[in-house]
Amino acid sequence: MRNIYLDHASSMPIDPRILDFAEPFLKSGFGNPSSLHSMGLESKRIIEDAREKVAELINAEDGGYIIFTSGATESNNLAIKGTALRNIKKGKKVATSAIDHISVINSMKELLKSGFELKIIPVDSMGIVDTGKLNDILTKDTTVTSIMYANNEIGTIEPIKEIGEVVHEKGLYLHVDATAAAGRIPIDVQSDGIDLLTLSSNDIYGPQGAGALYIKPGVKLQPILLGGGQERGLRSGTEDLFAILGMGEASRIIKKEMNKESERLREIRDKLINEILKIEEAYLTGHPTRRLPNHASFRFSGIEGESILLNMDMKYHIQVSTGSACTSKTLEPSHVLLAIGLKHEDAHGSMVLTLGKSNNIGEIPLIIRAVKETVERLRKLSPI
Ligand code: PMP
C-alpha cells in the first residue's frame, strides 16, 4: 500500500533539487568560512549567497540582516532573550500570545528569573489574537512582543500588520515566529512592520539543522551563544554549511513556486475539510478562511488523537499528527487547543493534516475513507 504523508508541519522531505545544488560543494569539501585561505573564502561566499536568498523570501532590506542559527527554537530563544536582555534599561516586560510555540513561551518564562514580567495575550475561539486586549496590555516598557505569523497546530493566520501597529504604538519590538507560514503565504518584513522574524530550513523543504533570524536594521540584541564571534557576533560557532546552503536554495525555490503550489494545496485542503466535516461530531479547529493553504485540523468527540494517529498509520499507511510534535511526549492536552477554549476532553481528540509537495488530489478519496473508518472504529471501541 502506498504511503501518504500528511505531517509536513512536523518535518518536510528535502527538495531533491537542493541535493543536486549541494553535491559539488559536498564533493569538493568545505573550508571553514572564518579561514582566510581560498577554501575558507569560498565557504564564506556560499553563506553570503544563502543569506541573500533567505532575505529575498521575506523581503528583508539586505542579506546582512539575516543571522543563521540551528533552527527555529534557537532563533526564537535568541530573538526573545537576546533582545529583552540587551534592552533591559528600556523595560522588563515581555508579551506573547496564548497559542505561540513552546520555544517562545519558555524563552519568555526563562526571563522571569531575571525579574521580567510576562503578559499572555488571549486569542478568540478561532485562534486570532485579540488586538484590543493587546493594546490594553502592552505598555512602553514591554520590550519584546512575540506573536506567530500562523499557528502550526490550527493553521490560523494572525493579523500581523495590525499587531505590528499596536506594538509600535505601545511597546518596543515585535518578534514574529514565521516557521509555519514561510513559503506558504507571502511575508514582507518591511511592509508588515516586523522587527525580528524566525524561519526554519526544514519547514521550507530545506535540510534540518538550519534556521534564520531576521533582525531589522537598528535593533540591538545580545548573543546567547558565545565564542568565536561568527554571525556578526550574535551566534558563535562554526557554521553548518550544508544546512545553510540548503536553506538558501530552499528559500529561492519556494519563493518562486509558492503561489502556484499554495493554490494547488488549498484546493486539496478545502476538499478534505468539506468531506471530513460530514462525519458526525467532527469539528474544524482554527479559522475557516484565515488559515494556511496546506493546513486542515479537526477534533472528533469521544476519541483520542493518539489512537487516530496510530490507526491511520498502521492500517492505512497515512501519517497525520495529533497536535504539536514538540509537546506530544507529555500527552498533556495542547496549550493551543485549551487557549481557543476547548475543554480538556475535547482537546484530546484532535487530528492535524498538513499537506506538501508529495500530496495530490487523487489521494483525497483514500484519505477520507481512512478518516471515516478510523473514527467509526474508534468510537465503537470507546467506552465514552
Ligand atoms: N515554531 C513553530 C511555529 C514550529 O512549528 C516549530 C516546530 N516545527 C518550532 C518553532 C520549532 O522548530 P524546531 O524544533 O525545528 O527548532
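Engineer: So what about the pairing of strand β6 (residues 173-177)? Which residues, and what values?
Structural biologist: Within a regular strand, the side chains alternate between the two sheet faces. A large share of β6 lies buried, amounting to five of its five residues. Every second residue of β6 is oriented toward a common face, with Y173, H175 and D177 on one face and L174 and V176 on the other, all of them buried. The sheet contact formed by β6 and strand β7 (residues 196-200) spans three bridges and is parallel. Counterpart to H175 in the pairing with β7 is L196.

Engineer: Which residues make up a positive patch on the surface, and what values do they have?
Structural biologist: On the surface, R86, K90, K220 and R232 cluster together into a positively charged patch. Looking at the secondary structure, you find K90 in the loop between α3 (72-86) and β3 (93-97).

Engineer: Go over helix α2 (residues 38-57), please, and point to the residues and values.
Structural biologist: With 20 residues, α2 should cover 28 Å at 1.5 Å per step; its first-to-last C-alpha distance of 29 Å lies within 8% of that length. Structurally, α2 contributes buried residues whose contacts are with α1 (16-28), β2 (66-69), β7, β8 (211-215) and α8 (241-276).

Engineer: Account for the nonpolar core, naming residues and giving values.
Structural biologist: Formed by 62 residues in total, the largest nonpolar core has its most connected members in I58, I66, F68, Y149, L197 and L199. A per-element tally of this core places α8 first, with eight residues. Taken together, domain 1 (4-12 + 258-381) and domain 2 (16-253) each give at least three residues to this core, which thus spans both. For L199, the residues in contact, after removing those within four places along its chain, are V54, I58, A72, S75, A178, A182, G211, A212 and M247. If you look at the next biggest cluster of nonpolar residues, it comprises 28 residues, including I279, I308, M351 and L353.

Engineer: Explain the environment of I253 residue by residue, including any values.
Structural biologist: Within the fold, I253 resides in helix α8. A relative accessible area of 5% means that I253 is categorised as buried. Taking the C-alpha atoms as reference, I253 lies 9.2 Å from I204; in sequence the two are 49 residues apart. Other than its neighbours up to four places away in sequence, I253 contacts D15, R17 and I18.

Engineer: Account for the site of the ligand, with residues named and values stated.
Structural biologist: Around the ligand, the structure places 11 residues, and the nearest of them are A72, T73, H101, N152 and D177. Contact between the ligand and T73: an oxygen atom at 2.7 Å from a side-chain N or O atom of the residue. N152 is positioned such that a nitrogen or oxygen atom in its side chain is 3.3 Å from an oxygen atom of the ligand. For the ligand, the protein covers 80% of the area, taking 390 Å² as the surface of the free molecule.

Reading guide: rules and limits
Residues numbered from 1 in each chain as written. Predicted model: local features only at pLDDT ≥ 70, side-chain atom pairs only at ≥ 80, totals over all residues. Heavy atoms only, no water. Buried < 20%, exposed > 50% of the residue type's maximum accessible area, 1.4 Å probe, protein only. Helix = DSSP H or I, 4+ residues; strand = E, 2+ residues; numbered from the N terminus. Pairing = 2+ DSSP bridges. Patch = residues over 30% accessible without salt bridge, like charges linked within 9 Å, V, L, I, M, F, W, Y side chains within 5 Å. Areas by Shrake-Rupley, 256 points an atom, 1.4 Å probe, with all protein chains shown as cover. Salt bridge = Lys/Arg side-chain N within 4 Å of Asp/Glu carboxyl O. Lys, Arg positive; Asp, Glu negative; His and termini not counted. Charge placed at Lys NZ, Arg CZ, Asp CG, Glu CD. Expected span 1.5 Å × (residues − 1). Contact = heavy atoms within 4.5 Å. Core = buried A, V, L, I, M, F, W, Y, C linked by side-chain atoms within 4.5 Å. Domains from an automatic or database assignment. Near = heavy atom within 4 Å. Polar contact = N/O pair within 3.5 Å; in protein donor to acceptor, adjacent residues only side chain to side chain.

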